[in-house]
Amino acid sequence: MKKPAVFLLSILTSLTLLTGCGTSASSSSSSSSSASASSAVDISAIKTIGDIEANRTGDTYQRAAYDNKYVYVFELNGTTYRATAPLSQEQFDEIMDIDILADDHEEKTNALIADIPIEKMENLSERIPSQEELNKYVGKTGGDLLSQEWTSSGYNLETMEFFMEDDTFRYVVTFEGSLKADDSFDEYEAIRPLIIKEIRYDGIGSNAA
């Protein structure tokens, strides 16, 4: 799986721990003008990356540039989408040349990507599993989740809650039993034999990376 060469923006509300997979990151808040302007905008009207930037709503969004594509996860009128757009090597190099610490980094990046046409739009909200679906995991083990390539981004051993992701969403998984952490604690190996007591949906995961 190809990793993003530069992770431009990420705001994930209620995320306990965010790891960048060896990428650089910066954060910004949503524009109130964008929120008000998009109240009547339909997703079918979003044709370019610039359209997303002008019309997205909410405080949750992620953007990542790869050497062959640009990925933008955003909200529009309460629904979360993932847009993918082709990125040429020249465009990628221009993005990489922008100083990520400069005050005008975001402004320059937006100018470069504004006209890139979107080639794929996915509705992530419609994929959110129901609690009934999640309850099917109760009684299974942490190893069952790991075998499906779920990952952990943090934990609370007092409550035995682990904050985990599949390939799209975040969850709070509560295990039976108890654990103690030391310097050699490996959360993946620790939960592998444990029985799942409860699991609940906790939001959109890291879908741009």
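Keep in mind the model is a prediction, meaning the values are calculated, not measured. (Residues numbered from 1 in each chain as written. Predicted model: local features only at pLDDT ≥ 70, side-chain atom pairs only at ≥ 80, totals over all residues. Heavy atoms only, no water.)

1. Some words on the overall build of the protein chain
Scanning the protein chain for helices and strands turns up 7 helices and 9 strands. Buried residues in the protein chain amount to 45% of all 209 residues. The contacts of the protein chain with a sequence gap of at least 6 include a subset with a gap of at least 24, amounting to 60%. In the form shown here, the protein chain has an accessible surface area of approximately 10,900 Å², with 47% of it arising from carbon and sulfur atoms. (Helix = DSSP H or I, 4+ residues; strand = E, 2+ residues; numbered from the N terminus. Buried < 20%, exposed > 50% of the residue type's maximum accessible area, 1.4 Å probe, protein only. Contact = heavy atoms within 4.5 Å. Areas by Shrake-Rupley, 256 points an atom, 1.4 Å probe, with all protein chains shown as cover.)

2. A word on the side chain of N110
Topologically, N110 is positioned in helix α4 (residues 105-113). Under the relative-accessibility criterion, N110 is labelled buried at 18%.

3. Structural notes on unusual backbone geometry
The bulk of non-glycine residues show a negative phi, and the bulk of peptide bonds are trans. Located in the positive-phi region is E149, a residue other than glycine, with phi close to 70°. For E149, the location among the structural elements is in the loop between α6 (142-147) and β6 (151-156). Judged by its relative accessible area of 68%, E149 is exposed. Positive phi values are uncommon outside glycine, yet M160 reaches one of about 60°. You can see M160 is positioned in the loop between β6 and β7 (161-165). A residue is classified by how much of its surface remains accessible, and M160, at 4% relative accessible area, is buried.

4. Observations concerning the confidence of the model for the protein chain
On average, residues of the protein chain carry a pLDDT of 84, and 80% of them reach 70 or more. Of the regions scoring below 50 in pLDDT, residues 5-38 engages in 85 contacts with residues more than four places distant in sequence or in other chains. (pLDDT = per-residue confidence, 0-100.)

5. Details of the packing of aromatic side chains
Taken as a whole, this structure holds 9 aromatic pairs when the rule is applied. Judged by centre distance (5.9 Å) and plane angle (90°), the ring pair of Y72 and F74 falls under edge-to-face. The pair formed by Y72 and F74 is uniform in burial state, with each residue classed as buried. Pairwise contacts between aromatic rings join Y137, W150, F169, Y171 and Y201 into one cluster. (Phe/Tyr/Trp six-rings, centres within 6.5 Å; stacked < 30°, edge-to-face > 60°.)

6. Observations regarding the nonpolar core
Among the nonpolar cores identified, the biggest contains 26 residues, and W150, M164, V173 and F175 are the most heavily contacted of them. For this core, the elements supplying multiple residues, two or more each, are β3 (69-76), α6, β7, β8 (169-175), α7 (187-191) and β9 (196-204). When residues of this core are assigned to their parent elements, the largest contribution, 4 residues, is made by β8. Ranked by size, the runner-up nonpolar core spans 19 residues in total, among them I49, Y70, I95 and I118. (Core = buried A, V, L, I, M, F, W, Y, C linked by side-chain atoms within 4.5 Å.)

7. Side note on the pattern of salt bridges
If you walk through the whole model with that rule in mind, you get 8 salt bridges. Among the salt bridges present, the one from E122 reaches R82, with a minimum N-O distance of 3.0 Å. Here R82 lies in strand β4 (residues 79-86) and E122 lies in strand β5 (residues 120-123), a separation of 40 residues in the sequence. E122 sits in the buried class, given a relative accessible area of 10%. Classification of R82 by relative accessible area gives buried; the value is 13%. E189 is the partner of R192 in a salt bridge, and the nearest nitrogen-oxygen pair spans 3.4 Å. Given a relative accessible area of 37%, R192 falls into the partly exposed group. Judged by relative accessible area, which is 47%, E189 ranks as partly exposed. Salt bridges sharing common partners tie together E53, R56 and R63. (Salt bridge = Lys/Arg side-chain N within 4 Å of Asp/Glu carboxyl O.)

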